[in-house]
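Results of the structural survey
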Amino acid sequence: MLGYDNADFIELMRLYLTIHSDHEGGNVSAHTTHLVGSALSDPYLSFAAGMNGLAGPLHGLANQEVLVWLEKLRASVGDKYTEEQLKDFIWKTLKSGQVVPGYGHAVLRKTDPRYTCQREFALKHLPNDPLFKLVSDVFKVVPPILLELGKVKNPWPNVDAHSGVLLQYYGLKESNYYTVLFGVSRALGVLSSLIWDRALGLPIERPKSLSTDGLMKSLKAT
């Protein structure tokens, strides 16, 4: 449907759709689909709500944020950089109050296995691509820096640190479309979970709320 007949790209899509399908119900897109579906909304409406969450920069949009950051890094250091140049750019990013996109995860405390899958694909199909080499070298220097910083529980790369680079390599450069691909994949996970919600007869989800008095008491307690 995307107009590709490249066998390697088709292999990449099989990998991409598999590893992006779902990981657990606490992520924004999965939970939003469940929340809206708990009102017995149509599955299409529930999924659309989940996709609105997926489009946020802290969720599915993260792979685009990684690409923007990598391009800035590449423009700054070129393709014949030293490790010290990479470290300097990363420290400047952190000291400016920004994060290194694609690193850290709310749940994982090790290198994301989905990152590793993509890295293995890249080593097989595009080992000499400049952006892939840059991603590999960033992988070497970022975790020690984040550990030195001492504020990050997980200094390792996540799935978003790699996916955009692979799509760019095969000519899929419309980064705004990456969330669509992510969404096609995520549909497999969140809608199968929604079927279980209905089968188990789970009740409507009602998040707890605070009155103004209760909120003020909470603030005083802190």
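Conventions and cut-offs
Residues numbered from 1 in each chain as written. Predicted model: local features only at pLDDT ≥ 70, side-chain atom pairs only at ≥ 80, totals over all residues. Heavy atoms only, no water. Helix = DSSP H or I, 4+ residues; strand = E, 2+ residues; numbered from the N terminus. Contact = heavy atoms within 4.5 Å. Areas by Shrake-Rupley, 256 points an atom, 1.4 Å probe, with all protein chains shown as cover. Lys, Arg positive; Asp, Glu negative; His and termini not counted. Charge placed at Lys NZ, Arg CZ, Asp CG, Glu CD. Phe/Tyr/Trp six-rings, centres within 6.5 Å; stacked < 30°, edge-to-face > 60°. pLDDT = per-residue confidence, 0-100. Polar contact = N/O pair within 3.5 Å; in protein donor to acceptor, adjacent residues only side chain to side chain. Patch = residues over 30% accessible without salt bridge, like charges linked within 9 Å, V, L, I, M, F, W, Y side chains within 5 Å. Salt bridge = Lys/Arg side-chain N within 4 Å of Asp/Glu carboxyl O. Axes fitted to C-alpha atoms, helices over the stretch in contact; angles between N-to-C directions. Parallel < 35°, antiparallel > 145°, perpendicular 65-115°, else oblique. Left-handed = near helix turned anticlockwise from the far one by under 90°. Buried < 20%, exposed > 50% of the residue type's maximum accessible area, 1.4 Å probe, protein only.

Counting its regular elements, the protein contains 10 helices and zero strands. Dimensions of the protein along its principal axes, counting C-alpha atoms only, are 55 × 55 × 25 Å. Contacts in the protein between residues at least 24 apart in sequence constitute 79% of all its contacts with a sequence separation of at least 6. When the accessible surface of the protein is summed, it comes to about 12800 Å², and 59% of that surface belongs to carbon and sulfur atoms. Taking the average place of the 23 positive charges on the side chains of the protein and the average place of its 22 negative ones, the gap between the two points comes to 6 Å.

Attention now goes to the packing of aromatic side chains. Evaluation of the coordinates by the stated rule reveals six aromatic pairs. The rings of Y4, F9, F121, Y169 and Y170 are connected pair by pair, giving a single aromatic cluster.

With that settled, the discussion passes to the confidence of the model for the protein. Here the protein averages 90 in pLDDT, and 99% of its residues register 70 or above. In the model of the protein, helix 10 (residues 212-221) stands out as the element of lowest mean pLDDT, 86, in contrast to helix 6 (residues 113-125), which has the highest, 95.

In this section: the side chain of R186. You can see R186 is positioned in helix 9 (residues 178-199). Looking at R186, its side chain comes within polar contact range of the main-chain oxygen of H20, at 3.3 Å.

Another aspect to go through is a nonpolar patch on the surface. A cluster of nonpolar residues, L2, Y177, V180 and V184, forms a patch on the protein surface that exposes about 310 Å² of accessible area. One can find V184 in helix 9.

Turning our eyes to something else, we now look at unusual backbone geometry. The backbone of L40 sits at a positive phi, close to 65°, despite the residue not being glycine. Inspection of the secondary structure puts L40 in the loop between helix 2 (28-37) and helix 3 (43-54).

Next up on the list: the pattern of salt bridges. Taken as a whole, this structure holds six salt bridges when the rule is applied. Here K87 and E83 are joined by a salt bridge, their closest N and O atoms 3.4 Å apart. In this pair, K87 and E83 both sit in helix 5 (residues 83-95), four residues apart, roughly one turn of the helix. Here K140 ties to D137 by a salt bridge, and the two come within 3.4 Å at their closest N and O atoms. Residue K140 and its partner D137 are both found in helix 7 (residues 130-149); the two are separated by three residues, about one turn of the helix. Among the ionic contacts, a cluster of salt bridges with common partners joins E83, E84 and K87.

On to the side chain of S38, then. In this structure, S38 sits in the loop between helix 2 and helix 3. A distance of 2.6 Å separates a polar atom in the side chain of S38 from the backbone oxygen of L35. Aside from chain neighbours lying at most four places away, what touches S38 is P203, I204 and E205.

Two numbers describe how helix 2 lies on helix 3: the axes approach to 7 Å, and their chain directions differ by 150°. The angle between the axes of helix 2 and helix 3 places the two elements in the roughly antiparallel class. Judged by the twist between their axes, the crossing of helix 2 over helix 3 is right-handed. Two secondary-structure elements touch here, helix 2 through V28, S29, T32, T33, V36 and G37 and helix 3 through L45, S46, F47, A49, G50, M51, G53 and L54.

A separate point is the environment of L17. By the secondary structure assignment, L17 is in helix 1 (residues 7-19). Among all residues touching L17, those that are not within four sequence positions of it are L181, V184, S185 and L188.

What follows is about helix 8 (residues 160-169). The buried fraction of helix 8 amounts to nine of the 10 residues, a majority that puts the element mostly inside the structure. Taken together, the buried positions of helix 8 are occupied by D160, A161, H162, S163, G164, V165, L166, L167 and Q168. Buried residues along helix 8 sit in contact with helix 1, helix 4 (62-77), helix 6, helix 7 and helix 9. Within two residues after helix 8, G171 carries a phi angle of roughly 95°, on the positive side.

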